[in-house]
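Notes for the structure review
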Amino acid sequence: MEGRLLPLFVAIPLSGAFLIPLLGKLWARFADLVANITTVLLVGISVYCWWIFNATGTPMHYWVGGWRLIGIAMWFDALTALMVLVINIVGFCATIYSVRYLDRYTSGRWKFFTLLMLLIAGMNGVAISGDLFNIFVFIEISAIASYALVAFGTEEEEIEAAFKYMVLGEVGGAVLLFGIALLYARAATLNLAHLSQVLAEIGRTPFYWFVIATLLIGFAIKMGMEPFHAWLADAHFSAPAPISAMLSGVFIKVTGVYGMCRIMFNVFGVSRAETPAFFNLLIAFGAVSLVLGGLLAYSQNDYKRLLAYSSISQIGYILVALGIGNFWGVAGAMFHILAHALSKGTLFLASGAVERQTGTRNLDELKGLERTMPATTWAHTLASFSMAGVPPFAGFFSKLFIIIGAIAAKMYWLAFLAALFSGVTLGYLTKVVNQAFFARREDEPTRAKESPALMVLAMLILVVLMLAVGVGFKGVLDHLVGPAAKALLNGLDYARLVLGG
Amino acid sequence: MIPYIACVLLFLIGLYVVISKRNLIKIVIGFSLIEYAVNLFFALVGFKKGALPPIVTQPEQVRMGVARHFVDPLPQALVLTAIVIGLSTTALMLSLAMRLYEKYKTFDISEIRKLKG
Amino acid sequence: MRGMSLIVQVITRLMVGMLLLYGGYIVLHGHLTPGGGFAGGVLIAAALILVSLAFGSVEQVERREYILSSILESSGGILFIALALAGYVAADYFFRNAGLYYIGKPLQMVSGGIIPLANIAIALKVGAGLFAIFLALGASRFVMKE
C-alpha cells in the first residue's frame, strides 16, 4: 500500500527548523508558536498513519522521487508505528513543557527550538527509513542536534559533559560508517530489503560476523550499552530537563535499540535458532548494564544523576529481553520501550520543575515538597510506580512480559534477576520520593510555589497515557506491540513484503 | 588490498590519539583523522581497475551502454555527504573546546574534571 | 580584528572576483561536472572568509554580516524544502523531477529539471553557514546577544 504521508514526518519538522531562525529574530514567541504547531501536526500524522495501518493490516511503502529499487525507500510497519508514536508524543510534551521552562535562560529561545526540531526530524527519519545510508545520515543529524542541546546552558559542567559525549558519540558514528562501507563493498546495494536478500545468499561466513560486530559497536555506543556507558550519566544529567526527557526516553532507543533491531533482525536475519551466539551476547551485556546501572543509581545524591543511571539500567532490561528471543521476550522489550519513554519522560520533567521552582537538585536539601507542589509530587510518584512495575501502570506489564519470556525459555536465573532489579528500582525511586516529597519533618518544607500550568499539563498528559497504556494493555499488545514483535521475529519476511508489494 | 590496510592503519592511529592525548585540540585532530580514514575507505570501495571517471560528455554515450566501464559513482556521492557531516561535527567540537578554554583556562583534560561520581 | 599587510590586501582584491566566479561556475554546472552545491558553497565561503581576514573588520560590521548570513542560510534551507514539496504536490512523489524548471536537451547548462535549483539552494546554505560559523567562532571575540 502506498504511504503518501510518509515524507511529511521528516519534511514538517525540517521546515519548522528552517523557519524558526527567520521568524524568531523578529519576536521571540514566534519560535514557541512554530515549534508547538509542528509537534501537534506530527502527533496528528503519526496517529493517523497508525490508524490506517491498523485498519488495513498491510505496511505502507514509499519510494522517494518515484525511482523504485535504486532510490531511497520509506517503510511503515508495526515497529515503525510504535517508534513514531513514542517520538512524537514525547516530543509534543517536551515542547509544551519548554515554553515555560526556558524562562530561566535569558536568551536564545529560538536556538533551542531549532535544535529540538532538528532532533525530532532526525529521529523520525531513522524510524521511517528503509535505506541503510539514510539511517546513518539521520542518526548523525539527531546526534549533532543533541550534542548542541546538552551544552545549551553553557555552564562549565554542561560544556564538559557535552564534549565527552560528543567525542564518544562521533567515534561510534565513524565505526558505524565503516561497517556500512564494508557491507556496501560486498553487496553493492543499500536498500534494506535487497540487502537482506543478498546476505541470505552469502550465508554465515566470517565476513558476516565481522560486519555484525562492527555495526553492533556503533549502535552500542549510541545506546549506552556496557562498556560504552560512560557518557550517559554526565550528558543526561547536564542537559536541560525537557532535553533529558527526550534523550533518555526516546533518543537512545530510536538511534540505538531500534537501529540495531531493524538491521540485525530484518537485514541480517539473526534468530534464536540459527545464531544463538548473538543473543547470548545481548543477554550478557544487558545483564551487566542492568546490574551496574541499578547499583550505581542507589548511591547518588543528585536527583537527575540518579535518573540518568536508572536509564542505563532500563536499557539493560530491554537488551536482556531482546536476547531472550522468543515472542514474549521481544514483545516485553517493545512494551518496555513504550513504558520507559513515558515514565522516564515524566520523571525528568518533574525533576526539571522541582529545580526551576526551588533552585536546587541536591536530595539532601529538598524536603517535604508535597505540601507546596502537589501536582508535581503526584506526577512524580505515579511515574515512579510505573517504572518500578506496580500494577495497573504500564511498567508492570512490560516487566511481566519479560519475566514470562524468560520462564518460557527456561532461563530461570534471568527471571529472578529481572524481578530482583525491579525491586532495586523501586528502592532508589522510593528513596527520592520519600525524602524529597513526603518527608514529614518538623522543619518547614522547602519554600516553593507550584509549577506553571503548561509544565503541569505536559506531565499530566504523560501520566494519563501511562495509565491508559497500562489499563488497556491487551489492546496495546494486540494492535501495537504484538505486531511489532512479530515484524522483528519473522525477520526475513521484510524483504518479501517490501519487494513484493 | 594495500590501500585498505592503509585506511585501517590511519583509523587506528586516530583512535590512539583520541584515547591517549591530553590536549583538547589534539583530541579533535585525532577525531578528524578517524573520520578521514573512514571516508577514504568508503571512496576506495568503488574503484575498478582501468575504468574511466563517471562523467558523460556526449549524449550518444548513454545509449551506447558506456556505464559498465565507469568507476562506481554511488560511494562518491555518499562520501560527499559524510564529509559534510564530519565538517559540522568538527565545527561543533572546536566551538565546545573554545568555550571550555574560556571557562577552565586550560586545554588539559586532566584538569577539566568538575563532574564526578 | 586587524587586517593583514598591504601585499595580501592587493592580491585579495585581484583574486576575490575570480574565486566567486569559479565557485558560481561549480555550483551551476553541478549536474554536468563533479562538484555541485557543497563544493561550490565551500568555495564561496572561502572567498568571503578571505576578504574578512585580509581587510579586518569592526564589531558593528561583523554583527550585521552575521545576521545577514543567518537569514541567507535559512532561506537556502527553505528553498530546498520548497523544491522537494513542489515535487510532492505537482507530481506526486517527494523530490520528483517535475517540469518546473526547463528540462532541455541533455548536457546543456539549462537542463535537468529541479537539480540546478537544488544545487543553488544547497550552495546558499553551505556558503552562508560556513561564513556564519567563521564569524561566530573567532573573528573577534564578541558574544552574540539575542
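Residues numbered from 1 in each chain as written. Chains lettered and ligands numbered in written order. Predicted model: local features only at pLDDT ≥ 70, side-chain atom pairs only at ≥ 80, totals over all residues.

The next thing to look at is the overall build of chain B. The helix and strand inventory of chain B stands at 4 helices and 0 strands. If you list the helices and strands of chain B from N to C, you get α-α-α-α. Taken over 117 residues, chain B has a buried fraction of 24%. Put simply, of all contacts in chain B between residues at least 6 apart along the chain, 57% involve residues at least 24 apart. (Helix = DSSP H or I, 4+ residues; strand = E, 2+ residues; numbered from the N terminus. Buried ≥ 20, exposed ≤ 12 C-beta atoms within 10 Å, placed from the backbone. Contact = placed C-beta atoms within 7 Å.)

Before going further, it helps to examine the overall build of chain A. Along chain A, the regular secondary structure elements total 19 helices and 2 strands. Over its C-alpha trace chain A gives a radius of gyration of 22 Å, about what one expects of a compact globule, namely 23 Å for 501 residues. Classification of the 501 residues of chain A by burial places 63% in the buried group. Considering only residue pairs separated by 6 or more positions, chain A has 80% of its internal contacts joining residues 24 or more positions apart. (Rg over C-alpha atoms; globule rule 2.2 N^0.38 Å.)

Another aspect to go through is the confidence of the model for chain A. For chain A, the average pLDDT comes to 85, and 95% of its residues sit at 70 or higher. Across chain A, element-level confidence peaks in helix α5 (residues 132-150) of chain A with a mean pLDDT of 93 and bottoms out in helix α19 (residues 493-500) of chain A with 73. (pLDDT = per-residue confidence, 0-100.)

The next point concerns unusual backbone geometry. One non-glycine residue, Lys410(A), lies in the positive phi region at around 65°. Following the sequence through the fold, Lys410(A) ends up in the loop between α15 (394-408) and α16 (412-437). Of note, the phi angle at Lys105(B) is positive, near 65°, even though the residue is not glycine. Residue position: Lys105(B) is located in the segment after α4 (74-104).

Take the confidence of the model for chain B next. Predicted confidence across chain B gives a mean pLDDT of 85, with 87% of residues reaching 70 or more. Both scores are given for the predicted complex: the pTM is 0.92, the ipTM 0.93.

It is worth spelling out the interface of chain A and chain B at this point. In this complex, chain A contributes 28 residues to the contact, which on the side of chain B involves 28 residues. Take the side of chain A that touches chain B: its biggest share by element is 17 residues, from helix α6 (residues 156-187) of chain A. In terms of residue class, the side of chain A that touches chain B is built from 19 nonpolar, 2 polar and 7 charged. (Nonpolar A, V, L, I, M, F, W, Y, C, P; charged D, E, K, R; others polar.)

Moving on, we come to the nonpolar core. With 225 residues, the main nonpolar core has Leu82(A), Met334(A) and Leu338(A) as its most contacted residues. Top contributing element to this core by residue count: α6(A), with 19 residues. Grouped together as the second largest cluster of nonpolar side chains are 25 residues, Ile26(C), Val27(C), Ala45(C) and Val126(C) included. (Core = buried A, V, L, I, M, F, W, Y, C linked by C-beta atoms within 7 Å.)

Residue and element names in this part refer to chain B. With 19 residues, helix α1 (residues 2-20) extends 27 Å from end C-alpha to end C-alpha; this agrees with the ideal 27 Å at 1.5 Å per step. For α1, the full list of buried residues reads Cys7, Phe11 and Gly14. Across the axial projection of α1, the buried residues extend over an arc of 65°, all falling on one side. Exposed residues lying more than 90 degrees from the buried face of α1 are Ile2, Ile5, Leu9, Tyr16, Ile19 and Ser20. The elements touched by buried residues of α1 are α2 (24-44). (Expected span 1.5 Å × (residues − 1). Arc of directions from axis to C-beta.)

This next bit is on the pairing of strand β2 (residues 73-76) of chain A. Residue and element names in this part refer to chain A. Residues Ala73 and Trp75 of β2 are buried on one face, and the alternating residues Met74 and Phe76, pointing to the opposite face, are buried as well. Pairing analysis gives 4 bridges linking strand β1 (residues 60-63) to β2, with the strands arranged antiparallel. What sits directly across from His61, in β2, is Trp75. (Pairing = 2+ DSSP bridges.)

Next up on the list: the packing of helix α3 (residues 78-101) of chain A against helix α4 (residues 109-128) of chain A. All names here are of chain A. Between α3 and α4, the shortest axis-to-axis distance is 9 Å and the interhelical angle comes to 170°. Classed by the angle they form, the pair α3 and α4 counts as roughly antiparallel. Contact residues: Thr80, Met83, Val84, Ile87, Gly91, Thr95 and Ser98 in α3; Phe112, Leu116, Ile120, Met123, Asn124, Ala127 and Ile128 in α4. Counted by class, the contact of α3 with α4 contains 9 nonpolar, 5 polar and no charged residues. (Axes fitted to C-alpha atoms, helices over the stretch in contact; angles between N-to-C directions. Parallel < 35°, antiparallel > 145°, perpendicular 65-115°, else oblique.)

This paragraph deals with the packing of α6(A) against helix α8 (residues 206-223) of chain A. The packing of two helices is summarised by the inter-axis angle and the distance between the axes. All names here are of chain A. Put simply, α6 and α8 touch, their axes get as near as 8 Å, and they point 155° apart. Taken together, α6 and α8 sit at an angle that is classed as roughly antiparallel. Regarding α6 and α8, the two cross each other, and that crossing is left-handed. Of α8, the residues touching α6 (which contributes Leu168, Gly169, Gly172, Gly173, Val175, Leu176, Phe178, Gly179, Leu182, Leu183 and Arg186) are Phe207, Val211, Thr214, Leu215, Ile217, Gly218, Ile221 and Lys222. Here the contact of α6 with α8 is composed, by residue class, of 11 nonpolar, 6 polar and 2 charged. (Left-handed = near helix turned anticlockwise from the far one by under 90°.)

A separate point is the environment of Ile114(C). Residue and element names in this part refer to chain C. Among the structural elements, Ile114 can be located in the loop between α3 (59-91) and α4 (115-138). Under the C-beta neighbour-count criterion, Ile114 is labelled buried, with 21 such atoms within 10 Å. Along the backbone, Ile114 and Leu130 are 16 residues apart, and their C-alpha atoms lie at a distance of 24 Å.

Residue and element names in this part refer to chain A. Under the 1.5 Å per step criterion, the end-to-end length of helix α12 (residues 303-324) is 32 Å for 22 residues, consistent within 8% with the ideal 32 Å. Most of α12 is tucked away, with 22 of its 22 residues classed as buried. Within two residues after α12, Gly325 carries a phi angle of roughly 90°, on the positive side.

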